[in-house]
Amino acid sequence: MAGAMDLPPKGGFSYDYCRRNAMLADKGLKMPGFLKTGTTIVGLVFQDGVVLGADTRATEGPIVADKNCEKIHFMAPNIYCCGAGTAADTEAIWSARSFNFTVMQLVVNHEFYQGHVSAALVLGGVDVTGPHLHTVYPHGSTDTLPFATMGSGSLAAMSVFESQYKEGLTREEGIQLVADAIRAGIFNDLGSGSNVDVCVITKGKTEYLRNHQLPNPRTYVSSKGYSFTKGQTEVLYTKITQLKPKVEVTEGDAMEE
Amino acid sequence: MVGKNCFAIASDRRLGVQLQTVATDFQRVFKIHDKLYIGLSGLATDVQTLYQRLVFRHKLYQLREERDMKPQTFASLVSALLYEKRFGPYFCQPVIAGLGEDNEPFICTMDCIGAKELAKDFVVSGTASESLYGACESMYKPNMEPEELFETVSQALQASVDRDCLSGWGGYVLVVTPTEIQERVIKGRMD
């Protein structure tokens, strides 16, 4: 343990709590649930580039932990990636950026994580050879497709794509179709919800339309709200510390007489 | 919870072993520096170990960079530290709250393996988290002044914690503004 405290570890996983956690599980302590992004993520290739879309709900079991989370992540100015699955895993995977991303992903997911890391990605980008759309599955397989959906809402979104996709869509049609597919996921899948995020990648320009559509506004807010009068809460003990402004040390002049 | 140029972070004070209470003054909200606090819920031993590790890392950072860590940086540090133990995690969910540059409040929470969740209004964690979501959702108002923020946070905490057997025995609320830190221990049901 002394070694672990001396320097920040060089990266990689540490397995030293596995036995302890197994022992605790035997004694009846359940592991806290992970944040999952039971999700709808989609991508499609249109005339000039790629459109990616995602919903914005993050769940912790049956509870919505975040009503407006971001699932479309930046990889490079011309490559964006949407992630479904365990939120920490998708964040960890996309933060290890690489331009040869799909190749690395295949290797990493298969050899190293071996499916234990539950992250499914839809990755799209535009380079000199044109627009590309790939999907990466938790076990490491990849597909290259003209349109793709992943996540718990993928069936709902795929039904929209299968019926309305055609070659040579314009930008507006592409965005509209992606938004329709995500809305299908939001309204029909319980693990997806809230708003629609869209990202349009074309040669030389990328537009991230955060909260492109808000089909679920909050309408039940009480206009008066709760107002608590000062002193309503019983306080046993108060301590107020003033914060002093930090003293700046600047280069001084040579000592004067 | 975020207010106008201030934030509040609160916790209950019970330490228990399943249904038996062991202590009623357990500290769960810890100071990293004057304007950055972390609250840790979950297994008590992991709460304390994680806090000690984080303070260690922050002190190293202070020595190297000669300044305090920004809340966003600290959140990334906590996330990385938790994800290292992806396959044998700490049984701990942190809530991080701080005032960043220009005294802009920053709050975030994470699950036990480090998935960050930023929010602009409030974040919750712990055994009463479902109740807390409900209470905060209805009681929160944007741009509250520190006094009102304190009352709101206390009422939301009390309301939720009273509906949870495993939490309670008083509350500890910390409100931080750019000029002062207000720590209060509030009276709650002792059952």
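Everything quoted here is computed from the prediction, not taken from an experiment. (Residues numbered from 1 in each chain as written. Chains lettered and ligands numbered in written order. Predicted model: local features only at pLDDT ≥ 70, side-chain atom pairs only at ≥ 80, totals over all residues. Heavy atoms only, no water.)

Draft legend 1. Fine view of the side chain of N21 of chain A. Tracing the chain through its elements places N21 of chain A in helix α2 (residues 18-26). Exposure remark for N21 of chain A: the relative accessible area of 7% places this residue in the buried category. Among the polar contacts listed, one links the side chain of N21 of chain A to the side chain of R20 of chain A, at a separation of 3.1 Å. Each residue touching N21 of chain A, except ones within four places of it in the same chain, is listed here: G88, P89 and F91 of chain B. (Helix = DSSP H or I, 4+ residues; strand = E, 2+ residues; numbered from the N terminus. Buried < 20%, exposed > 50% of the residue type's maximum accessible area, 1.4 Å probe, protein only. Polar contact = N/O pair within 3.5 Å; in protein donor to acceptor, adjacent residues only side chain to side chain. Contact = heavy atoms within 4.5 Å.)

Draft legend 2. Expanded view of the packing of helix α1 (residues 44-65) of chain B against helix α2 (residues 71-84) of chain B. Residues and elements named next belong to chain B. The interhelical angle for the contact between α1 and α2, taken along N-to-C directions, is 130°, at an axis separation of 11 Å. Put simply, α1 runs oblique to α2. Regarding α1 and α2, the two cross each other, and that crossing is right-handed. Contacts between α1 and α2 pair L50, R53, L54 and R57 from the former with F74, L77, V78, L81 and L82 from the latter. (Axes fitted to C-alpha atoms, helices over the stretch in contact; angles between N-to-C directions. Parallel < 35°, antiparallel > 145°, perpendicular 65-115°, else oblique. Left-handed = near helix turned anticlockwise from the far one by under 90°.)

Draft legend 3. Summary view of the interface of chain A and chain B. On the chain B side, the residues contacting the 59 residues of chain A number 53 residues. Summing the contributions of chain A and of chain B, the shared interface buries around 5100 Å²; its carbon and sulfur component is 58%. Counting the surface chain A buries against chain B, the share from its top three residues, F228, T233 and L243 of chain A, is 14%. At the junction of chain A with chain B, the criterion picks out four salt bridges. Looking at the side of chain A that touches chain B residue by residue, the classes come out as 29 nonpolar, 15 polar and 15 charged. Across seven bridges, the pairing between strand β14 (residues 235-242) of chain A and strand β10 (residues 180-186) of chain B is antiparallel. Within β10 of chain B, the residue paired with Y237 of chain A across the bridge is V185 of chain B. (Buried area = accessible area lost by both parts, 1.4 Å probe. Salt bridge = Lys/Arg side-chain N within 4 Å of Asp/Glu carboxyl O. Nonpolar A, V, L, I, M, F, W, Y, C, P; charged D, E, K, R; others polar. Pairing = 2+ DSSP bridges.)

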